[in-house]
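# A closer look at the structure
What follows is each chain in one-letter form.
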Amino acid sequence: PDPEVCLPLGSMRPSWLQRNRANANCPQWSMDPRWTGKAAFVEKLREIETVARSWDAQLMDVSAEEMKEIGGDDGAHEFMIPPVWLRRERGMAWSRITKNTMAGNTEFHGTESGGEQEGDHVCWTDALLPIYVEGFDVKPSDEFVSYVDSFDVKNFRGRLDALNRKRDAYEAIQ
């Protein structure tokens, strides 16, 4: 929902008497300071986001020629398609909890399987972890928590390391 719908609920979990159709999906309803497993979730999501940002940084300065060399004729080799990628928007998203607080303009996108399958798309804002989870104890959906829990970070990091090795080898022969 738009910030204008959620902001009146405040920065603490509101009374159920305030719940209505318009604000039912506001993050305030998911605030849970006693959330078991939060520390492990935060650690793993932070690692996923860190690897995704590193992968994004690697691909930012890849030329078309280098992409073709590393990724094959179509440039779509496994090294060029990360299981989680970043998408930046032009506008700015605003917090749904605190007034006049910018909540970023970047989203993480991925697939539930961590591969290139269609139909199992996952997306979250770069504000989820620092603003909502850590700042206000907002617990994401059980499905998203399960996605993070089952995500193979070791494989993700290994694929990034392989991309780095490929880029180093390419640059060594140039």
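Located above this text is the structure these notes cover.
To start, this report covers the structure provided alongside it. This one's a predicted model, so the numbers in the text were calculated from it and none came from an experiment.

The tendency in soluble globular proteins is for nonpolar side chains to be buried side by side. Phe 41, Val 84, Trp 124 and Phe 144 are the most contacted members of the largest nonpolar core, which has 36 residues in total. Elements with a contribution of two residues or more to this core: helix H2 (38-60), strand E1 (84-88), strand E3 (121-125), helix H4 (128-136), helix H5 (142-150) and helix H6 (153-172). The greatest single-element share of this core, amounting to seven residues, is contributed by H2. When neighbours within four sequence positions are excluded, Val 84 is seen to be in contact with Ile 48, Ala 52, Phe 108, His 109, Gly 110, Trp 124, Tyr 147, Phe 151 and Phe 156.

All right, on to the sheet that holds E1 then. With antiparallel pairing, the three strands of this open sheet are ordered in space as E1-E2-E3. In this open sheet, the two edge strands, each paired with only one partner strand, are E1 and E3. Averaged over neighbouring strand pairs, the angle between their axes works out to 25 degrees when direction is ignored. The pairing of strand E2 (residues 106-111) with E3 spans five bridges and is classified as antiparallel. If you follow His 109 over to E3, its bridge partner there is Cys 123.

Now for the packing of H2 against H6. Packed helices, taken two at a time, are described by the angle their axes make and the gap between the axes. It is the contact of H2 with H6, at a shortest axis distance of 10 Å, that shows an interaxial angle of 20 degrees. In terms of their interaxial angle, H2 and H6 are classed as roughly parallel. For the crossing formed where H2 meets H6, the hand is left-handed. Contact residues: H2 offers Lys 44, Glu 47, Ile 48, Val 51, Ala 52, Ser 54, Trp 55, Gln 58 and Leu 59, while H6 offers Val 153, Phe 156, Arg 157, Arg 159, Leu 160, Leu 163, Asn 164 and Arg 167. Partitioned by chemical class, the residues of the contact of H2 with H6 number nine nonpolar, three polar and five charged.

This brings us to the packing of aromatic side chains. One pass over the full model with this rule turns up 10 aromatic pairs. Between Phe 108 and Trp 124 the ring centres are 5.3 Å apart and the planes differ by 15 degrees, which places this aromatic pair in the stacked class. Placement of the pair is Phe 108 in strand E2 and Trp 124 in strand E3, with a sequence separation of 16 residues. Accessibility classification places Phe 108 together with Trp 124 in one group, the buried group. A ring pair is formed by Phe 151 and Phe 156, whose centres lie 5.4 Å apart and whose planes are at 80 degrees; its orientation type is edge-to-face. Judged by relative accessible area, which is 7%, Phe 151 ranks as buried. Among the residues examined, Phe 156 registers a relative accessible area of 0% and is labelled buried. Grouped by ring-pair contacts, the aromatic residues Trp 35, Phe 41, Trp 55, Phe 108, Trp 124, Phe 144, Tyr 147, Phe 151 and Phe 156 constitute a single cluster.

For the rest of this paragraph, the subject is the packing of H2 against H4. At a closest axis distance of 11 Å, the pairing of H2 and H4 adopts a crossing angle of 175 degrees. Judged on the interaxial angle alone, H4 and H2 are roughly antiparallel. Contacts between H2 and H4 pair Lys 38, Phe 41, Val 42, Leu 45, Arg 46 and Glu 49 from the former with Leu 128, Leu 129, Val 133 and Glu 134 from the latter. Of the residues in the contact of H2 with H4, the class split is six nonpolar, no polar and four charged.

A separate point is a nonpolar patch on the surface. Residues Met 92, Trp 94 and Met 102 make up a contiguous nonpolar surface patch of about 310 Å² in total accessible area. Accessibility expressed as a relative area gives 39% for Trp 94, which makes it partly exposed.

Checked against the element boundaries, Tyr 170 lands in helix H6. On the basis of relative accessibility, which here comes to 9%, the residue Tyr 170 falls in the buried class. In the structure, Tyr 170 is positioned 135 residues away from Trp 35 in sequence and 47 Å away in space, judged by C-alpha atoms. Once residues within four sequence positions are removed from consideration, Tyr 170 is found in contact with Glu 65, Glu 66, Glu 69 and Ile 70.

Reading guide: rules and limits
- Residues numbered from 1 in each chain as written.
- Predicted model: local features only at pLDDT ≥ 70, side-chain atom pairs only at ≥ 80, totals over all residues.
- Heavy atoms only, no water.
- Core = buried A, V, L, I, M, F, W, Y, C linked by side-chain atoms within 4.5 Å.
- Buried < 20%, exposed > 50% of the residue type's maximum accessible area, 1.4 Å probe, protein only.
- Helix = DSSP H or I, 4+ residues; strand = E, 2+ residues; numbered from the N terminus.
- Contact = heavy atoms within 4.5 Å.
- Pairing = 2+ DSSP bridges.
- Axes fitted to C-alpha atoms, helices over the stretch in contact; angles between N-to-C directions.
- Parallel < 35°, antiparallel > 145°, perpendicular 65-115°, else oblique.
- Left-handed = near helix turned anticlockwise from the far one by under 90°.
- Nonpolar A, V, L, I, M, F, W, Y, C, P; charged D, E, K, R; others polar.
- Phe/Tyr/Trp six-rings, centres within 6.5 Å; stacked < 30°, edge-to-face > 60°.
- Patch = residues over 30% accessible without salt bridge, like charges linked within 9 Å, V, L, I, M, F, W, Y side chains within 5 Å.
- Areas by Shrake-Rupley, 256 points an atom, 1.4 Å probe, with all protein chains shown as cover.
- Salt bridge = Lys/Arg side-chain N within 4 Å of Asp/Glu carboxyl O.

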